[in-house]
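Overview (structure and organization)
Now for the letters of each chain:
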Amino acid sequence: MSEAVKFDLSKYVGNFKILNATNGGPWHKRYTNDQWHSNFEYYKKARIPYSRNHDSNIYSIYGGPYAHDITAIFPNFDANVNDPESYDFACTDESILTTLDAGTETYFRLGQSIEHHIKKHGTIPPKDFRKWAEICEHIIMHYNEGWADGYNLNIQYWEIWNEPDLDLDDSENKRTWGGTKAQFFDLYEIAAKHLKARFPDLKIGGPALAEKEDWAEDFLKEMRERNVPIDFFSWHVYGTTPEKMVGKAERIKKLLIENGYDKAESHLNEWNYVKGWTDQFIYSLKSIKGIKGAAFTMACICEAQKAPIDMLMYYDTLPGGFCGVFDTLTCEPLKGFYPLYWYGMFYDLVSEIRQENKIDNIYSLCGIDKDRKTLSAVTYYDDDDNAPDKNISIDFGRTGEYEIYLLDKEHDGELITKTSELNFNMKNHSVILIKEI
């Protein structure tokens, strides 16, 4: 029996949000012509609007230990904060400019990459929070005001730190913030007030919450009492269903409203498929690299469009284990490339059209262009690997001619047919792109 996915093309909802942003720019070296090992053209093709530079310090293609992190850009904390010679911008410049060449702006994380090492270095709290804020100010000056032989890139988003809640205050192995919660609150207050006063037109936010919503509640309450500006609140979630993501988005939005930050943007700037971090971690990494991860990605993008999320940033397109978009050996697209690439097409449409009915484990996007032609993506995603096929029909309330593109275990987003009949037998973990012609 077929289930109908119904759309009312007269009901315009609004624009498509920024939902195919990523962590990690292209794997490319703009300073050399030796480009036999690059994903630049594919990355550019996906029309990724923003790349968060968190964890870029870990990978040599982005400058490795000489780039992005505050301790890399300003390696001697005792140096003169106003002296250009105290800063090492070269590798970070190269990474940001390469990313910009691909049409992607940098979402700049001011802080440190995660440290899994036995001894921590950059994640130890800076010894002078005000000086740390002044260092951040000069980094912004370099990229937006041309200071220290810099640029005028108009980078808009500046995020203070990353996952300060990941480990408890009494943990002996703090991977992201080596201090206490109270110390972080002080750092955030000093940095946010200083940077917002100096750059009132830029968006200053954070703190890239890992998982602890009670920590987030304490943070927002304290920032409200201290009158700290927050232009955007960033947070992370890893799981196996889009519903988990949406549920957290709704709770975060509720906390923002309760604490007077109702105008702050909500950014989910790390997310991916993770079934577990211990015995199920290898399964999770394998899933990310294959069709299950790709279907999960598309399903989450579909639901984020409807949820209180202003920006979605996939983790990640860095050349590591969480990258389900590009093959880290060949730089060629994996299954997970197509959801990001296909979503980029929706930016050209004049409005979203919402699905009128709910079908379990079926997720959709639909939009309409200036000529009233539709573009739709329909995903079948169930975390149960043995879920049966579904018979699906698409009902736009009118007839038309369509190109059908298929992403599943056997197909890599290729055109499979042109038809006016929109009836499909969908396998679990598959996506159909329906383009009206």
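Preceding this paragraph is the structure being described.
So, a few notes on the structure that sits alongside this text. (Residues numbered from 1 in each chain as written. Predicted model: local features only at pLDDT ≥ 70, side-chain atom pairs only at ≥ 80, totals over all residues. Heavy atoms only, no water.)

**Let's talk about the overall build of the protein**
Scanning the protein from N- to C-terminus turns up 10 helices and 17 strands. In summary, the protein has a C-alpha radius of gyration of 22 Å against a globular reference of 22 Å for 437 residues, a match within 12%. By its C-alpha atoms, the protein is 70 × 55 × 45 Å across when sized along the principal axes. Relative to its 437 residues, the protein shows a buried fraction of 60%. Taking as baseline every contact in the protein between residues at least 6 positions apart, the subset at least 24 positions apart corresponds to 74%. (Helix = DSSP H or I, 4+ residues; strand = E, 2+ residues; numbered from the N terminus. Rg over C-alpha atoms; globule rule 2.2 N^0.38 Å. Buried < 20%, exposed > 50% of the residue type's maximum accessible area, 1.4 Å probe, protein only. Contact = heavy atoms within 4.5 Å.)

**A few points about the packing of helix α6 (residues 213-225) against helix α7 (residues 242-258)**
Describing two packed helices takes the angle between their axes plus the distance from one axis to the other. Here α6 crosses α7 at 20°, and the two axes come no closer than 9 Å. For the element pair α6 / α7, the angle class is roughly parallel. Crossing of α6 over α7 shows right-handed handedness. Of the residues in α7, those touching α6 at E213, A216, E217, L220 and R224 are K248, R251, L255, L256 and E258. Of the residues assigned to the contact of α6 with α7, the class counts are 4 nonpolar, no polar and 6 charged. (Axes fitted to C-alpha atoms, helices over the stretch in contact; angles between N-to-C directions. Parallel < 35°, antiparallel > 145°, perpendicular 65-115°, else oblique. Left-handed = near helix turned anticlockwise from the far one by under 90°. Nonpolar A, V, L, I, M, F, W, Y, C, P; charged D, E, K, R; others polar.)

**Quick notes on the layout of surface pockets**
If you add up the space inside the largest pocket, you get close to 710 Å³. Lining the largest pocket are 26 residues, and of these E163, L166, Y238, W277 and F322 lie nearest its centre. Where the lining of the largest pocket is concerned, the elements lending two or more residues are β7 (232-239) and α7. Element by element, the count of residues in the lining of the largest pocket is highest for β7, at 3 residues. Taken together, the residues that form the lining of the largest pocket break down as 12 nonpolar, 6 polar and 8 charged. (1 Å grid on protein atoms, 1.4 Å probe; cavity = no way out; pocket = protein on both sides within 12 Å on 5 of 7 lines; lining within 4 Å. Points joined across faces, edges and corners; volume = space filled by probe spheres on them.)

**Examining the sheet that holds strand β13 (residues 390-395)**
Backbone hydrogen bonds are what pair the strands of a sheet, in a parallel or an antiparallel way. If you trace the 3 strands from one edge of the open sheet to the other, you get β1-β13-β16, paired in mixed fashion. Only two strands of the sheet have a single partner each, and these edge strands are β1 (3-6) and β16 (423-426). Averaged over all pairs of adjacent strands, the angle between strand axes in this sheet comes to 35°, irrespective of strand direction. Relative to β16, β13 runs antiparallel, the two being bridged by 4 bridges. Counted as the bridge partner of S393 is N423 from β16. (Pairing = 2+ DSSP bridges.)

**What about the nonpolar core?**
W132, W158 and F219 are the most contacted members of the largest nonpolar core, which totals 108 residues. At 10 residues, the largest contribution of residues to this core is made by helix α9 (residues 291-304). When residues no more than four places from it in sequence are discounted, the contact partners of W132 are I70, F77, L110, G111, P126, I160, W161, L187 and A191. Core analysis: the second largest hydrophobic core is formed by 22 residues, I353, I359, I362 and I434 among them. (Core = buried A, V, L, I, M, F, W, Y, C linked by side-chain atoms within 4.5 Å.)

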